[in-house]
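# Fold and contact review
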Amino acid sequence: MRARAAWRSGRVRIGGILVAIVLVAGILAPWLAPHDPEAQDLLALLLPPAWAPGGQAAFPLGTDTLGRCVLSRLIWGARVALYVAILASLGAMILGGVLGHVAGYFGGWVDRLISRAVDVWMSFPPVVLSLVLMVGLGVGINNVVLAIILVDWTRFCRVLRADVLTVMNRDYVTAARLAGFGHVQTIWREVLPATLPLLATLVSLEMGMAVVVEAILSVVGMSVEANVPAWGVMIADSRQAMYQAPWNLILPMVAILVAVLGFNLLGDGLRLALDARQSGARAEAP
Amino acid sequence: MTILRAERVVVAADLEGARVPVVRDLSFRLDEGKVLGLVGESGAGKSMIGRAIANLLPPRFATVEGTLRFLGADLVAMDADKRRALLGRDIAFIPQEPRAALNPVYTIGHQFDEHLARLGVASGRERRGLARDHLAAVHLRDPEHLLEAYPHQLSGGMCQRVLIAMAFASDPKLVVADEPTTALDVTIQARIVDLLSEMRRTHGTSVLLITHDLRLAARVCDDILVLYAGRPAEYGPARAVFERPAHPYTRCLQLASPPLDGPRRKLQSLPEHMPTLRALAALQGCRFAPRCPTRIETCSREPALLDRGHDHVVACHRAEADLALSPEIEHPGPARRISAPVVKVESVGKVYPGPRRWLGRAPDVVALADVSFEIGRDEFVGLVGESGSGKSTLAKILLGLEAPTTGKASVAGIDVTDPSATAREARITAIQMVFQDPQSALNPRRRVADIVTQAMIAGRRRASWEERLAKTKTILAEVGMPADLALRYPAELSGGQRQRVNIARALCSAPSVLVADEIVSGLDVSVQAQLLNLLGRLRAELGFAMLFISHDLSVVRHLCDRVLVLEKGRVVESGPTEGVFASPASPYARALLRAVPPDDLATPWRPFAEAEDAAA
């Protein structure tokens, strides 16, 4: 019922298609990519895309300074982007979501403690905080995921706490307690289903953000190693020859744009479609 | 002079391409200085008429036929600018939710000033003086101070007075009041109604009063139009309609509300509920026929609105017939022996610490002070009091949701503050609650069966879905609901059905005490009667005690053996229902009783007799 309503929104549809493209590219990379992303063809350096003068049909989107196939690298790069996007956003969701529910549900000093921690955490600029974390944790893609989780859990925590508070006003939560439900059971059965649409929305927005953060850290060499095809690495590599071969810079940027746009449109659309609280409730009003 | 004249007005909704008339064949006349009452339950279309006048119909609704002549000019055909100029100036509105109608971020003075500026008072100083005078005219004390106040600092009744002052500020020809008292406390309601009639007299304004309360309308209005499912059922002078109702719907409405004096009688309950928009589209013939106790074959033809010998017009084929609708007197059973008490409350007090301020704290709030009472097995006790009198706090203490600051309370022998697991487990079968608002009390994401039997999977219990379904069927049968509703979601149920589910859930663990918090106050009279009859039947079949919190005295009188009157956290009166109602001792109980207009129009209604006596 909800899913169909969500699909009716144009944002969800376009966002869903864009995300699906990135997903398919990432999952099926070994079969979709025409070349090995690391294979160098030193006789075909800095080729333009196939449709431009001088392009070759074997390299549909041209080659980079080492003669590597740009299309293949873009397709493989989707893997890194998705890996970070999914793990980081789920991690931030679990950490922030659990703390947000605990704070909103129990209230009192538990709430004060968690909320103050969030306030302090949020007072650090996110970019600085993530760079400091990367320096402390060390370079590597898994540390990128960890850094994003540690920076962005506050967003989940704060928004969900507010949502939990409104759900707690509902009598059905009290009714569940009176029927003998434990705290965990009450949160799981009565509170979580109500906050789930918001959670889903935040996760999809967070995925877009994670893609950008990973690309930034790749460009400055703090994420994957240089021999792993990632969009940020491609941008970094293309800087030397950006005047001779601007497509090497533009194409990974377009890939990032598509992925982020897809996640954001999906998140935005889901928010509009799912947040119309209890859409069925007014069906009867005359 | 006729102020407002409606002729064959049809308001229709566009329902997936089909045109469904929500108001049909509506004609009435409102003369200068008169009050016309539009009476009907929710879904009758009464608010649609107010909205049609204000040009505020919801999207996909439109006035498709007929004329609404205001001083001879048709509002429906009038262009938008001209109509907007009339609204708020010659036609004023008094809303149902006074708090929602005032902007919370501006002071009363600011909002009044804006309104007067729109009416064309140029000088700011003059506007301020006028605002003060208008507020004084609605008997608000210290208007100067009030102009600086924000809406949240005022009570609901004060907000409504401000809105009434604003409505009459332009000396309008017509005031449309849509349920102006529904959201207020009973004792305040009477004062607002009184103010409304006083303002009408001094300004010579005509009033269109939209209400669900037939008794109130009979007192206040010159004419009454009873609406059912968008069609006038009965229209004529208030006295004639109220004392000699000819339409079975009007009669059922009267017989469905419990009386405040005289013998207890069985409530006439209509089956089902008002047709929904969808059902309306398919309905043929008389719209009331599916629920009518006196239905005959002719009723498949739509009856015309005619004078059928009752000195007012009625839309019913059976109006002449001697309808077998007479009240059934209920003989009170043998007086209940007060058996061993199941609820014991001993000098319970509850104090909330005042909110923290810049330095130190605000003074403590005393919610309950030294409350003691007992409830016997199978006894129904009514708890009456204004909002803020501590009724809900008392309920929370009994349910173990809040701990009392002083005193002791126990239910079925278990202390309410005992935190041990066995005590908590035992409390589940000892006491349960039926909540006020079924909209908020039922999780919209769960099916009826899942909601009703949630106690069967709570804690360490593990019932299978089959067991739960079987239990749901038994309980639904007990509360008079068809078993096939077990797999519906709350949004698919009507208001009355939701409240039944609410009751069913509380009954699932077979508690010995039920706490019911205003469980019928949000419902229409005919649905309320169904539920009151149901509670009476369940009591006989299952046997449980009940603490029935309500501000509706007639309902309390109908249902309860004893009454407790709570005022500012103290029990000011308690005793057997009949005794308290016959000779109330506390001033508060007397004020509550007087706030309800007597059934017999010959008995004068003097809601403020006491205040007047005190003033004299």
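Refer to the structure presented above.
This text gives an overview of the structure that appears in the document. (Residues numbered from 1 in each chain as written. Chains lettered and ligands numbered in written order. Predicted model: local features only at pLDDT ≥ 70, side-chain atom pairs only at ≥ 80, totals over all residues. Heavy atoms only, no water.)

Let us look at the interface of chain A and chain B. Listed per partner, the contact involves 23 residues of chain A and 33 residues of chain B. In total, about 2500 Å² of surface goes out of reach between chain A and chain B, with carbon and sulfur atoms giving 52% of it. Taken together, the connections running from chain A to chain B amount to 2 salt bridges. Measuring nitrogen to oxygen at the nearest pair gives 3.9 Å for the salt bridge that ties B:Arg446 to A:Glu190. Across the chain A-chain B interface, the total number found is 9 residue pairs in polar contact (both at pLDDT 80 or more). Every element with two or more residues in the side of chain A that touches chain B is listed here: helix H8 (171-178) and helix H9 (183-219) of chain A. Among the elements that take part in the side of chain A that touches chain B, H8(A) stands out by supplying 6 residues, more than any other. Considering only residue class, the side of chain A that touches chain B consists of 11 nonpolar, 6 polar and 6 charged. (Contact = heavy atoms within 4.5 Å. Buried area = accessible area lost by both parts, 1.4 Å probe. Salt bridge = Lys/Arg side-chain N within 4 Å of Asp/Glu carboxyl O. Polar contact = N/O pair within 3.5 Å; in protein donor to acceptor, adjacent residues only side chain to side chain. Helix = DSSP H or I, 4+ residues; strand = E, 2+ residues; numbered from the N terminus. Nonpolar A, V, L, I, M, F, W, Y, C, P; charged D, E, K, R; others polar.)

Residues and elements named next belong to chain B. An ideal rise of 1.5 Å per residue puts 18 Å on 13 residues; helix H7 (residues 156-168) measures up with 19 Å between its terminal C-alpha atoms. Of all the 13 residues making up H7, 12 are buried; the element is thus mostly covered by neighbouring parts of the structure. Buried residues of H7: Gly156, Gly157, Cys159, Gln160, Arg161, Val162, Leu163, Ile164, Ala165, Met166, Ala167 and Phe168, and no others. (Expected span 1.5 Å × (residues − 1). Buried < 20%, exposed > 50% of the residue type's maximum accessible area, 1.4 Å probe, protein only.)

This paragraph deals with helix H4 (residues 70-106) of chain A. For H4(A), spanning 37 residues, the distance from its first C-alpha to its last is 53 Å, which sits close to the expected 54 Å at 1.5 Å a residue. A positive backbone phi angle near 60° is found at A:Gly107, which sits one or two residues after H4(A).

All names here are of chain B. Position of alanine 589 among the secondary structure elements: in helix H22 (residues 587-594). For the pair alanine 589 and leucine 564, spaced 25 residues apart in the sequence, the C-alpha separation amounts to 9.8 Å. Apart from residues no more than four positions distant in its own chain, alanine 589 is found in contact with Val565, Glu573 and Pro584.

What follows deals with the nonpolar core. Formed by 164 residues in total, the largest nonpolar core has its most connected members in B:Leu4, B:Phe28, B:Leu208, B:Ile224, B:Ile503 and B:Phe548. Setting aside chain neighbours within four positions, we find B:Ile224 in contact with B:Leu36, B:Gly37, B:Val39, B:Leu214, B:Ala217, B:Ala218, B:Glu234, B:Tyr235, B:Gly236, B:Ala238 and B:Val241. Of all hydrophobic cores here, the second largest spans 39 residues; its members include A:Ile75, A:Val203, A:Met207 and A:Leu266. (Core = buried A, V, L, I, M, F, W, Y, C linked by side-chain atoms within 4.5 Å.)

To continue, consider the pairing of strand S10 (residues 231-237) of chain B. Where a strand is regular, its side chains alternate between the two sheet faces. All names here are of chain B. Across the 7 residues of S10, 6 count as buried, placing the element largely inside the fold. Hairpin connection, strand S9 (residues 223-228) to S10: the antiparallel pair is bridged by 2 residues, and alanine 229 has positive phi, about 50°. The pairing of S10 with strand S12 (residues 313-314) spans 2 bridges and is antiparallel. Bridge pairing links glutamate 234 to valine 314 in S12. (Pairing = 2+ DSSP bridges.)

What follows deals with the pattern of salt bridges. Residues and elements named next belong to chain A. Counted under the stated rule, the structure contains 38 salt bridges over all chains. Note that aspartate 64 is salt-bridged to arginine 68, the shortest N-O span being 3.1 Å. Note on arginine 68: relative accessible area 5%, which makes it buried. Through salt bridges with shared partners, a single ionic network connects Glu38, Asp64, Arg68, Arg73 and Asp237.

Residue and element names in this part refer to chain B. The N-to-C vectors of helix H4 (residues 108-118) and H7 enclose an angle of 20°; their axes lie 10 Å apart at closest approach. One element, H4, and the other, H7, form an angle in the roughly parallel class. H7 is crossed by H4, and the crossing has right-handed handedness. Residues Ile108, Gln111, Phe112 and His115 of H4 form the contact with H7, whose own contacting residues are Val162, Ala165 and Met166. Looking at side-chain class alone, the contact of H4 with H7 contains 5 nonpolar, 2 polar and no charged residues. (Axes fitted to C-alpha atoms, helices over the stretch in contact; angles between N-to-C directions. Parallel < 35°, antiparallel > 145°, perpendicular 65-115°, else oblique. Left-handed = near helix turned anticlockwise from the far one by under 90°.)

So, about the sheet that holds strand S17 (residues 414-415) of chain B. Where strands meet in a sheet, backbone hydrogen bonds hold them as pairs that are either parallel or antiparallel. All names here are of chain B. Taking strand neighbours across the sheet as the criterion, the 4 strands line up as S14-S13-S16-S17 in an open arrangement whose pairing is antiparallel. With partners counted over all chains shown, the strands left at the sheet margins are strand S14 (365-376) and S17, one partner each. Pairing between strand S13 (residues 341-352) and S14: 8 bridges, direction antiparallel. Paired with valine 345 across the two strands is phenylalanine 373, which belongs to S14.

Glancing now at the side chain of B:Thr211. Residue and element names in this part refer to chain B. Turning to its location among the elements, threonine 211 is positioned in strand S8 (residues 206-211). Given a relative accessible area of 5%, threonine 211 falls into the buried group. The contacts of threonine 211, once residues within four sequence positions are left out, are Leu38, Val39, Gly40, Lys46, Glu179, Leu216 and Ala217.

Residues and elements named next belong to chain B. The pairing of S13 with strand S16 (residues 406-411) spans 5 bridges and is classified as antiparallel. By the bridge assignment, lysine 344 is partnered in S16 with serine 410. Here S16 pairs with S17 via 2 bridges, running antiparallel. When the sheet's bridge partners are listed, valine 411 is paired in S17 with isoleucine 414.

This part takes up the sheet that holds strand S1 (residues 2-15) of chain B. Residue and element names in this part refer to chain B. Spatially, S2-S1-S4-S5 is the arrangement adopted by the 4 strands of the open sheet, whose pairing is antiparallel. Both edges of this open sheet fall to strand S2 (18-31) and strand S5 (73-74), since each of them pairs with a single strand only. Summarising the sheet, strand S4 (residues 61-70) and S5 pair through 2 bridges and their orientation is antiparallel. Residue pairing in the sheet places arginine 69 in a bridge with aspartate 74 of S5. The sheet contacts of helix H1 (residues 46-54) involve S1, S2 and S4, and relative to S2 the element is tilted by about 80°.

The next thing to look at is the packing of aromatic side chains. All names here are of chain B. Per the stated rule, a full pass over the model turns up 6 aromatic pairs over all chains. Plain terms: the ring middles of tyrosine 228 and phenylalanine 288 are 5.0 Å apart, the flat faces sit at 80° to each other, and that makes the pair edge-to-face. One end of the pair, tyrosine 228, is in strand S9; the other, phenylalanine 288, is in the loop between helix H12 (277-282) and strand S11 (306-307), and 60 residues separate them in sequence. The pair formed by tyrosine 228 and phenylalanine 288 is uniform in burial state, with each residue classed as buried. The interplanar angle of 25° and the centroid separation of 5.9 Å between the aromatic rings of phenylalanine 380 and phenylalanine 544 together place this pair among those described as stacked. With phenylalanine 380 in strand S15 (residues 380-384) and phenylalanine 544 in the loop between helix H19 (525-542) and strand S20 (545-549), this residue pair connects regions lying 164 residues apart in the sequence. Residue phenylalanine 380 shares its accessibility class with phenylalanine 544, and that shared class is buried. The rings of Tyr228, Tyr249 and Phe288 are connected pair by pair, giving a single aromatic cluster. (Phe/Tyr/Trp six-rings, centres within 6.5 Å; stacked < 30°, edge-to-face > 60°.)

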